[in-house]
Amino acid sequence: MSHTAGIRETQKLKTRQALLDAALGLLEHQSLSSLGLREVTRAVGVTPTAFYRHFDDIAALGVALVEQTLGSLHGMIGAILAETGDSEVRLDRSVDLIARHVREQPAHFRFIAREQHGGVGPVREAIAAQLRRFAEEVAAALADEPESQGWNEEDLLMLGGLYVDHMVITASAMLDAGPDGDAQVARVARRRLRLVTLGRLHWLDGPASSSSASGAS
């Protein structure tokens, strides 16, 4: 790549990020479905034509924000799940990770909380896909633990989804609580996760496991 081409590519990336940042700032006060393309370009100081060099439409920009917010978490949560040792320690570290990201990127997580059930279909689908991927990754990690012996794939995925849903609820609660209240939210989150873990240890003891096994056969 020539020096000129490198400068051009760097500028293109800077403009793309500026559009994402501007949209995120505007979304502090409105939903994505009400956000206008010209609002975003005016905030950045570029033309609508420049916008289309980066995104097909506002929905595509929203999908990029989803990937920016949740995509970076996969590697970090995956590293925690891959650790050996006490599962409760790993869960505690996961709560700490969510708390840190909410503190560092509150606008990103407010966007996710608002748009998870919002009016822009591609963005809802992108959020759902990211959360499904998290659930699958958690389920795969749980499958390797001795406590999961005898569990079928459907139940492991259900448990993974339960942990992920709890993390989403925790992130939303931290946003509502603010910096002064997130420690209390984290404390409650850890207690709830421990309750789920205790229930997991007895899942195969009761009739639920029998009906699940018969449904899977």
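Data block above holds the structure.
Summary of the structure given here. (Residues numbered from 1 in each chain as written. Predicted model: local features only at pLDDT ≥ 70, side-chain atom pairs only at ≥ 80, totals over all residues. Heavy atoms only, no water.)

1. Digging into the environment of Glu154
Mapped onto the elements, Glu154 comes out in helix H9 (residues 153-177). For Glu154, a relative accessible area of 51% translates into the label exposed. It is 9.3 Å that separates the C-alpha atoms of Glu154 and Ala139, two residues lying 15 residues apart in sequence. (Helix = DSSP H or I, 4+ residues; strand = E, 2+ residues; numbered from the N terminus. Buried < 20%, exposed > 50% of the residue type's maximum accessible area, 1.4 Å probe, protein only.)

2. With respect to helix H10 (residues 182-201)
Between its terminal C-alpha atoms H10 stretches 29 Å, which fits the 28 Å expected from 20 residues at 1.5 Å a residue. When we look at burial in H10, the residues that qualify are Asp182, Val185, Ala186, Ala189, Arg190, Leu193, Thr197 and Arg200. The buried residues of H10 occupy one face: seen down the axis, they fall within an arc of 135°. With respect to the buried face of H10, the exposed residues turned more than 90 degrees away are Arg191 and Leu195. Contacts made by the buried residues of H10 are with helix H6 (87-104), helix H8 (121-143) and H9. (Expected span 1.5 Å × (residues − 1). Arc of directions from axis to C-beta. Contact = heavy atoms within 4.5 Å.)

3. Examining the nonpolar core
The biggest cluster of nonpolar side chains holds 57 residues, and the ones touching the most others in it are Leu32, Val40, Leu61, Val66, Phe111 and Val123. A per-element tally of this core places H8 first, with 10 residues. In contact with Val123, not counting residues within four places along its chain, are Leu32, Ala59, Gly62, Val63, Val66, Phe111 and Glu115. (Core = buried A, V, L, I, M, F, W, Y, C linked by side-chain atoms within 4.5 Å.)

4. Here's the deal with the pattern of salt bridges
On inspection of all chains with the given rule, the structure shows eight salt bridges. Ionic pairing is found between Glu28 and Arg110, a salt bridge with its closest N-O pair at 3.1 Å. You can see Glu28 sitting in the loop between helix H1 (3-26) and helix H2 (37-44) and its partner Arg110 sitting in helix H7 (residues 106-115), a full 82 residues away along the chain. Among the salt bridges present, the one from Arg200 reaches Glu145, with a minimum N-O distance of 2.8 Å. In this pair, Arg200 is assigned in helix H10 and Glu145 in the loop between H8 and H9, connecting sequence segments 55 residues apart. Glu145 matches Arg200 in its accessibility class, with the two residues each being buried. Linked through salt bridges whose partners overlap, the residues forming this network are Asp92, Asp96, Arg190 and Arg194. (Salt bridge = Lys/Arg side-chain N within 4 Å of Asp/Glu carboxyl O.)

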